[in-house]
Amino acid sequence: LFCFPGGWQLSRERKQPTFFVVVLTDIDSDRHYCSCLTFYEAEINLQGTKKEEIEGGAEVSGLIQPAEVFAPKSLVLVSRLYYPEIFRACLGLIYTVYVDSLNVSLESLIANLCACLVPAAGGSQKLFSLGAGDRQLIQTPLHDSLPVTGTSVALLFQQLGIQNVLSLFCAVLTENKVLFHSASFQRLSDACRALESLMFPLKYSYPYIPILPAQLLEVLSSPTPFIIGVHSVFKTDIHELLDVIIADLDGGTIKIPECIHLSSLPEPLLHQTQSALSLILHPDLEVADHAFPPPRTALSHSKMLDKEVRAVFLRLFAQLFQGYRSCLQLIRIHAEPVIHFHKTAFLGQRGLVENDFLTKVLSGMAFAGFVSERGPPYRSCDLFDELVAFEVERIKVEENNPVKMIKHVRELAEQLFKNENPNPHMAFQKVPRPTEGSHLRVHILPFPKINEARVQELIQENVAKNQNAPPATRIEKKCVVPAGPPVVSIMDKVTTVFNSAQRLEVVRNCISFIFENKILETEKTLPAALRALKGKAARQCLTDELGLHVQQNRAILDHQQFDYIIRMMNCTLQDCSSLEEYNIAAALLPLTSAFYRKLAPGVSQFAYTCVQDHPIWTNQQFWETTFYNAVQEQVRSLYLSAKEDNHAPHLKQKVREKKRTLIVWD
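Residues numbered from 1 in each chain as written. Predicted model: local features only at pLDDT ≥ 70, side-chain atom pairs only at ≥ 80, totals over all residues. Heavy atoms only, no water.

An unreviewed UniProt entry lists the chain under the name SET binding factor 2, with Pan troglodytes as the source organism.

Here it is in structure tokens:
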């Protein structure tokens, strides 16, 4: 089905050989790249009839001459590795040996190809030959975590334009269905790969089918998000889809159904990204209105242009995820680490609580995979880790300086280019090509049947020769992941300092007056203290001050003191929004069961009975976050204590106590 996505059809013409790469995904979510080289050979066994209907609807009478009917045949190379140009050359060489009748055994070519050892990522090169006068080179990337795109990203922007690609980018990040159509199968593969690579450091985890066969078009009705490509001959069928964003690669348009609300990047990031892409893709835009413009600014060559565009998106993600590591919570270490991302804290501190784009991104499967993969504090690092840890401030400073911004983009592009092309001096390569017009020859024998036993025998011989070769694996260099800057608001708002030192002092004085039973002073300062509690820092100050007055988990108050404390607690809790950090409400929680008053002999009233109606206590996310925080504190206490005690004799008892506490929490 995938070798002939439009169906297997006979032809009355001798067509040029074609090449494209389809992607299959197995049950373990591993991808297999199937490189298909399709050619046409004369169908000598076809028996014609008196009347045959041929392409175009015309009818001819009499027998169809055998040499006038051609059947497609595919050579397919399946690999977990993505080296499309190498695979094109190898399949092309096999086809060349066949069509030009070169004196080389096809079995030996196939055996040499299957037995070729491909080095692991790390920038190493591998020279090899299939034995037909060819000399080929495999160049591995420096880091296999970075996508390899060639020129596909630049081509996608050339086909669709800046605004359309940004719309598709937002669509896949917010888990919408995206469908490409084109008259070229290889363009479909390139477009899907380009769109997915723009998501880096996120990874797409939904169905990914760059070339969908005609007989599987019902997959487009799937309820899950996807990235799929189909041939343009089916565009009349796909326009009936109501919940799919359709991109026409050949026409340069996209169609977003009315029922889809497409969330956009938050400002000012959207404007900055559009401006940066315009400067890179249209470098003469800035001087277009000059009376005396400089000589026409040349575009970077396509491979470097591709990396410059990707660098813009890399900067975008560094800004979006700035400080994400400060919101990671380690809630289990053994047997496998479990890391939770404090989404509400991140959104609150970034000032994006009501931004539906980032909320959807953080709730998606791609970001869950990002946390799982990049959350651990000790692992191998790549370009994104360095960027989000050390370069965010530079990006922010340069946002209003196009010259500096372009300079930084080009520095990042150089690193992305070097990742794909680490060796500036490439070895000379030579791959024989078929004779010009060879596919038009009248007398070509059918592709011969391959002797499978002979191929296996030759593969075993090659494997035996390569037994002493160094292993293809590479030891990853691991390090402590840099934490980077803290989470800050995405907007540079000049606001008044609401929680000044003076306001915090008012809260502290009021609490002191309450516990010293200075009723008159308390009545004077209480209104100002309640107003100050509108600010987050003052609410945090309240919890800290109340904690100082708790002795052995209990604090008895008289009726007046109790009423004052309850008023301040209620004022604090009513301003704790459902999407805030929750740490203030969590800090107040033990205090509500610590402060109490005597109503009668043997009858006590605790503070929690007067604050239990606040909506924060019915928020499932609050309890989940509070639990994760408590577990992380227990884990930190356990391991830090173990390190400080240096395996002291009483450590085992401490470990047992900590485990018991965790079980109680669970």
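On we go from here.
1. A closer look at the overall build of the chain
Along its length, the chain carries 23 helices and 19 strands. When burial is assessed residue by residue, the chain has 46% of its 666 residues classed as buried. Within the chain, contacts between residues at least 6 apart in sequence are counted, and of these 71% link residues at least 24 apart. About 35100 Å² of surface is accessible on the chain, with carbon and sulfur atoms providing 54% of the total. (Helix = DSSP H or I, 4+ residues; strand = E, 2+ residues; numbered from the N terminus. Buried < 20%, exposed > 50% of the residue type's maximum accessible area, 1.4 Å probe, protein only. Contact = heavy atoms within 4.5 Å. Areas by Shrake-Rupley, 256 points an atom, 1.4 Å probe, with all protein chains shown as cover.)

2. Thoughts on the sheet that holds strand S19 (residues 603-606)
Taken in spatial order, the 3 strands of this open sheet run S17-S18-S19, and their pairing is mixed. Across the chains shown, the open sheet's two edge strands, defined by having one partner strand only, are strand S17 (555-556) and S19. In terms of strand pairing, S17 meets strand S18 (residues 595-600) through 2 bridges, oriented parallel. Directly across from Ile556, in S18, lies its bridge partner Tyr596. (Pairing = 2+ DSSP bridges.)

3. Section: the confidence of the model for the chain
Per-residue pLDDT for the chain has a mean of 83; in total, 87% of the residues score no lower than 70. Scored below 50 in pLDDT, residues 493-499 makes 10 contacts in the model with residues more than four places away or belonging to other chains. In the model, residues 647-666 has pLDDT below 50 throughout and makes 16 contacts with residues more than four positions away in sequence or in other chains. (pLDDT = per-residue confidence, 0-100.)

4. Concerning the pairing of strand S10 (residues 227-231)
Along S10, 5 of the 5 residues are buried, which leaves the element largely enclosed by surrounding structure. Both faces of S10 are covered, namely the face carrying Ile227, Gly229 and His231 and the face carrying Ile228 and Val230. With 5 bridges joining them, strand S8 (residues 177-182) and S10 adopt parallel strand pairing. Opposite Val178, over in S10, you have Ile227 as the bridge partner. For strand S9 (residues 208-209) and S10, the ladder comprises 2 bridges, and the chain directions are parallel. Following the sheet pairing, Tyr208 is matched in S10 by Ile227.

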